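# Remarks on the overall topology
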Amino acid sequence: MSFLDYFRSKKNNTASVAKERLQIIVAHERGQRDMPDYLPQLQQELLDVIRKYVQISDDMVQVDVDRNESCSVLELNVTLPEK
Amino acid sequence: MARIIVVTSGKGGVGKTTTSASISTGLAKRGHKTVVIDFDVGLRNLDLIMNCERRVVYDFVNVIQGEASLNQALIKDKRVETLYILPASQTREKEALTREGVEKVINELSQTFDYIVCDSPAGIEHGAQMALYYADEAIVVTNPEVSSVRDSDRILGILQSKSRRAEMGQDPVKEHLLLTRYNPDRVDRGEMLSVKDVEEILAIPLLGVIPESQVVLNASNQGLPVILEENSDAGQAYDDAVARLLGEDREHRFMTAQKKGFFSRMFKGG
């Protein structure tokens, strides 16, 4: 690396930005990869049902699927607002 | 039984057809009886890269639909003795590739060939899924660039869930990373993802690194698989990749920038 590069590299290291962005998006998409296709709709409908009784926002319902060898577990996490 | 290798990427324009042409030529040059199939129905291009575009009479879809026999459709390469090309159809719908039809053709080829190389179309739709379905091994062609790396990861997910091996619960498809259009100078300057970066993100074994090279365009202009440009960096890099595919242990080359003199480093920016 020449001494001119020393000044350039600081503001121009776009490769490390690319790597960081890729690591985040790839991890996120891998997480969704194993999920069944119906999950987003299930989540939406659950939200609608709960909203009949309690006012909650979108991020207060979490739906996950845990897969084991013999069975899958649907995990539903609802955070209710404080009164 | 033939070994079935798919060359795939998700993203278009990264070098799938260039790679299919060179890998199949390299396998055949080593004496293995090899056939390379173009799965890009409607956008056939392997014939151009292999310089047999004027010898196409029947194609893959004709064989599937029983309008021609395999022997009528297979084109024998003029340069390498044991190499054959099965061109894609230019006129049909891509749905003409049915799973049963593809299976029939692959089974028939399996009886006489050692290697079947499947050149996948871009995307993750029907054609791409047909190309990878019967694969034993996959060469995932990737450029050191964000959209290509992301799409490669997507195609890896499909290999792991929608290939025959995945559906049948057999050993998984063996995955290989082939990094193409690599420019070590730009990597040194922090402008391009390094081999290590891409390996870290995709987490699959590295088959080879093909340097960005003017030779590749010059070779495709003439319909010459670049691996036959034996004195070029890209040609040698493909030859190394073929050797590794066959289990040889070869050190990786062309991954570091050329050393330059003091003046060019100072004034032309390393």
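Note that the structure is predicted; figures quoted are calculated from it, not measured.

Turning our eyes to something else, we now look at the overall build of chain B. When you go through chain B residue by residue, the secondary structure sums to 13 helices and 8 strands. Taken along its principal axes, the extent of the C-alpha atoms in chain B is 65 × 40 × 35 Å. When the 270 residues of chain B are sorted by exposure, 55% land in the buried category. Chain B carries 33 positive and 39 negative side-chain charges, and their two centres are separated by 3 Å.

What follows concerns helix α10 (residues 195-202) of chain B. Inspection of α10(B) places B:Val195, B:Asp197, B:Val198, B:Ile201 and B:Leu202 among the buried residues, and these make up the whole buried set. Taken down its axis, α10(B) places every buried residue within 165° of arc, on the same side. Of the surrounding elements, those touching the buried residues of α10(B) are α2 (14-33) of chain A together with β6 (137-142), α7 (146-162), β7 (174-182) and β8 (206-211) of chain B. Immediately downstream of α10(B), the backbone of B:Ala203 shows phi near 55°, a positive value.

Cross-referencing UniProt, the feature "domain: AAA" (unreviewed entry) maps to residues 3-154 of chain B in the present numbering. Between the end C-alpha atoms of residues 3-154 of chain B the distance is 24 Å, and the span holds 37% helix and 18% strand.

Attention shifts here to a nonpolar patch on the surface. Judged by side-chain polarity, A:Leu76, A:Val78 and A:Leu80 come together as a nonpolar surface patch covering roughly 250 Å² of accessible area. Take A:Leu80: it is sitting in the segment after β2 (72-78).

Residues and elements named next belong to chain B. The buried fraction of β6 is high, at 6 of 6 residues. Along β6, one buried face is formed by Glu137, Ile139 and Val141 and the opposite face, lined by Ala138, Val140 and Thr142, is buried too. Here strand β1 (residues 3-8) runs beside β6; their pairing, made up of 4 bridges, is parallel. By the bridge assignment, Val7 is partnered in β6 with Ile139. Here β6 runs beside β7; their pairing, made up of 6 bridges, is parallel. Among the inter-strand pairings, Thr142 is bridged to a residue of β7, identified as Leu179.

Before going further, it helps to spend a moment on the nonpolar core. Residues and elements named next belong to chain B. Formed by 55 residues in total, the largest nonpolar core has its most connected members in Phe39, Phe60, Leu97, Val102, Leu109 and Ile116. With 5 residues, α7 is the largest single contributor of residues to this core. Dropping the residues within four chain positions of it, Leu97 is found in contact with Phe39, Val41, Phe60, Val61, Ile64, Val102, His126 and Met130. Among the nonpolar cores identified, the runner-up in size contains 34 residues, and Ile23, Met50, Val80 and Leu83 belong to it.

Residues and elements named next belong to chain B. Across the sheet, which stays open at both edges, the 8 strands sit in the order β3-β4-β2-β5-β1-β6-β7-β8 with mixed pairing between neighbours. The strands lining the two open edges of the sheet, one partner per strand, are β3 (75-76) and β8. Relative to strand β4 (residues 83-86), β3 is paired through 2 bridges, and the arrangement is antiparallel. Across the sheet, residue Ile75 finds its bridge partner in β4, namely Ile85. Together, β1, β2 (34-38), β4, β5 (115-119), β6 and β7 form the strand contacts of helix α1 (residues 16-29), whose direction differs from that of β5 by roughly 170°. Against the sheet, helix α5 (residues 99-110) contacts β1, β2, β4 and β5, and its axis sits at roughly 145° relative to β5.

What follows is about the packing of aromatic side chains. Residues and elements named next belong to chain B. The tally for this structure, following the rule as stated, stands at 3 aromatic pairs over all chains. An angle of 80° between the planes, with centres 5.1 Å apart, marks the rings of Phe39 and Phe60 as edge-to-face. Of the two residues, Phe39 sits in the loop between β2 and α2 (46-49) while Phe60 sits in helix α3 (residues 60-64), which places them 21 residues apart along the sequence. Phe39 gets classed as buried once you look at its relative accessible area, which sits at 1%. Take Phe60: its relative accessible area is 0%, and that puts it in the buried class. Their ring planes at 80° and their centres at 5.6 Å tell us that Tyr84 and Phe113 sit as a pair that is edge-to-face. Here Phe113 lies in the loop between α5 and β5 and Tyr84 lies in strand β4, a separation of 29 residues in the sequence. Positioned above the aromatic ring of Phe113, the side-chain terminus of Lys33 is 4.7 Å from the ring centre.

The backbone nitrogen of B:Val215 lies 3.1 Å from a side-chain oxygen of the residue at the head of helix α11 (residues 214-221) of chain B, namely B:Ser213. A positive phi of about 70° marks B:Gly223, the residue just after α11(B).

About the criteria used
- Residues numbered from 1 in each chain as written.
- Chains lettered and ligands numbered in written order.
- Predicted model: local features only at pLDDT ≥ 70, side-chain atom pairs only at ≥ 80, totals over all residues.
- Heavy atoms only, no water.
- Helix = DSSP H or I, 4+ residues; strand = E, 2+ residues; numbered from the N terminus.
- Buried < 20%, exposed > 50% of the residue type's maximum accessible area, 1.4 Å probe, protein only.
- Lys, Arg positive; Asp, Glu negative; His and termini not counted.
- Charge placed at Lys NZ, Arg CZ, Asp CG, Glu CD.
- Arc of directions from axis to C-beta.
- Contact = heavy atoms within 4.5 Å.
- UniProt positions renumbered as here; feature names shortened; annotations may be inferred.
- Patch = residues over 30% accessible without salt bridge, like charges linked within 9 Å, V, L, I, M, F, W, Y side chains within 5 Å.
- Areas by Shrake-Rupley, 256 points an atom, 1.4 Å probe, with all protein chains shown as cover.
- Salt bridge = Lys/Arg side-chain N within 4 Å of Asp/Glu carboxyl O.
- Pairing = 2+ DSSP bridges.
- Core = buried A, V, L, I, M, F, W, Y, C linked by side-chain atoms within 4.5 Å.
- Axes fitted to C-alpha atoms, helices over the stretch in contact; angles between N-to-C directions.
- Phe/Tyr/Trp six-rings, centres within 6.5 Å; stacked < 30°, edge-to-face > 60°.
- Lys NZ or Arg CZ within 6 Å of the ring centre and 35° of its normal.
- Polar contact = N/O pair within 3.5 Å; in protein donor to acceptor, adjacent residues only side chain to side chain.

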